[in-house]
Amino acid sequence: MSESPQVLSASQQVKLKGRVTHIPTMREFAFTPLIRIFHWLRFLAIMILLISGFYIAWPFLMDPKSTDVLIQGWMRFSHLIFGFIFSCITISRNYLFLFSKDKSERRSLLDALSIDRWRSQIKAYVFLGKPDEKSGLYGPLQLVTYASFYSCSLIMVLTGLALYSRVYHEGLGQLLYAPASWLTYICGGLANVRNIHHWFTWVFIVFLIVHVYMVIWTGIRFKKAAVDAIISGYDYHTHAHIEPFPVTTSESVNINEPTIPNKSIL
Ligand code: HEM
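Residues numbered from 1 in each chain as written. Predicted model: local features only at pLDDT ≥ 70, side-chain atom pairs only at ≥ 80, totals over all residues.

Once that is clear, we can look at the overall build of the protein chain. Scanning the protein chain for helices and strands turns up 9 helices and 2 strands. Reading the secondary structure of the protein chain in the N-to-C direction produces α-β-α-α-α-α-α-α-α-α-β. For the protein chain, buried positions account for 13% of its 266 residues. (Helix = DSSP H or I, 4+ residues; strand = E, 2+ residues; numbered from the N terminus. Buried ≥ 20, exposed ≤ 12 C-beta atoms within 10 Å, placed from the backbone.)

Below, the discussion takes up the site of the ligand. Near the ligand lie 26 residues; those nearest to it are Gly53, Ala57, Gly83, Gly160 and Leu163. Taken together, the elements giving at least two residues each to the shell around the ligand come down to α2 (33–57), α3 (70–99), α6 (140–167) and α8 (190–221). Classifying every residue of the shell around the ligand gives 16 nonpolar, 8 polar and 2 charged. (Near = placed C-beta within 6 Å. Nonpolar A, V, L, I, M, F, W, Y, C, P; charged D, E, K, R; others polar.)

Where a protein is soluble and globular, its nonpolar side chains tend to be buried together. Membership of the largest hydrophobic core is limited to 5 residues, which are Ala45, Ile46, Leu49, Phe82 and Phe86. Taken together, the elements giving at least two residues each to this core come down to α2 and α3. No other element matches the 3 residues that α2 contributes to this core. When sequence neighbours within four positions are dropped, the list of residues in contact with Leu49 reads His79, Phe82, Gly83 and Phe86. (Core = buried A, V, L, I, M, F, W, Y, C linked by C-beta atoms within 7 Å. Contact = placed C-beta atoms within 7 Å.)

Turning to its location among the elements, Leu137 is positioned in the loop between α5 (115–125) and α6. Put simply, Leu137 and Arg107 are 30 residues apart on the chain and 7.3 Å apart in space, counted from C-alpha to C-alpha. Setting aside chain neighbours within four positions, we find Leu137 in contact with Ala30, Ser104, Glu105 and Ser108.

Spatial relationships are all this shows, so hold off on functional conclusions.
Written out as structure tokens, the structure reads:
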């Protein structure tokens, strides 16, 4: 026996309309596994570098008169281990941006060079419209922010390695001694290298706060995957071309008939 079609009242249609437009119907591949692993490893590295770095600057857990330097030793050890991990990730990510087979990151450069894309993104951020479809993975403002983040990371790596080569005079330290001397000279002395390394630490704290805020805000504002995309690799969002329900108070809708274009790739 066939079921009789269920007919909705106008108020039910309005409720349904609100629900339907929020259903995630598109699944797009966004981040490769390597990019995701690097992202979370770098997050861990930055957290440990922040804690150990500030501790190195101010070893508050030790009595100044004490000869027990074990805590400071472990802090310096972890700072160096994660400093090298951070350096490797920074270099690898720069390489992947330029030469990865997946071109979606590189295509963001096209958006950053388009005045129209800038305009549409800024308008969307101040609630004056929707952003245009992007050519690449990141919006123009996002790309510029990430480029600045990479420049600061490079400054941390270079000044960090310069400090390292002044403490460890064998192996890599020996190899880096000559270029580090040049960098130290450019900076106006080792004390300045240390100061630059310390000041730029604050950039990472500000970046972390703004980055987490913007990721959550973007997910809510544009109804798309944000935090989950960098975990699963997939971006889920509403179908770009779904038209809102054609609701009129005089018509009824049969919900047994498909009303959404069945183009989901979920
Ligand atoms: C986000 C990345 C990093 C942050 C936030 C960070 C933070 C810091 C801070 C706050 C200090 C203390 C500076 C002071 O004495 O006032 C420090 C020291 C130091 N950092 Fe970093 N750092 C980072 C990356 C690196 C990297 C990539 C290296 C290189 C491997 C490195 C090597 C060093 C060294 C050798 C010292 C001096 C340690 C000592 O005095 O024994 N850091 N760092």
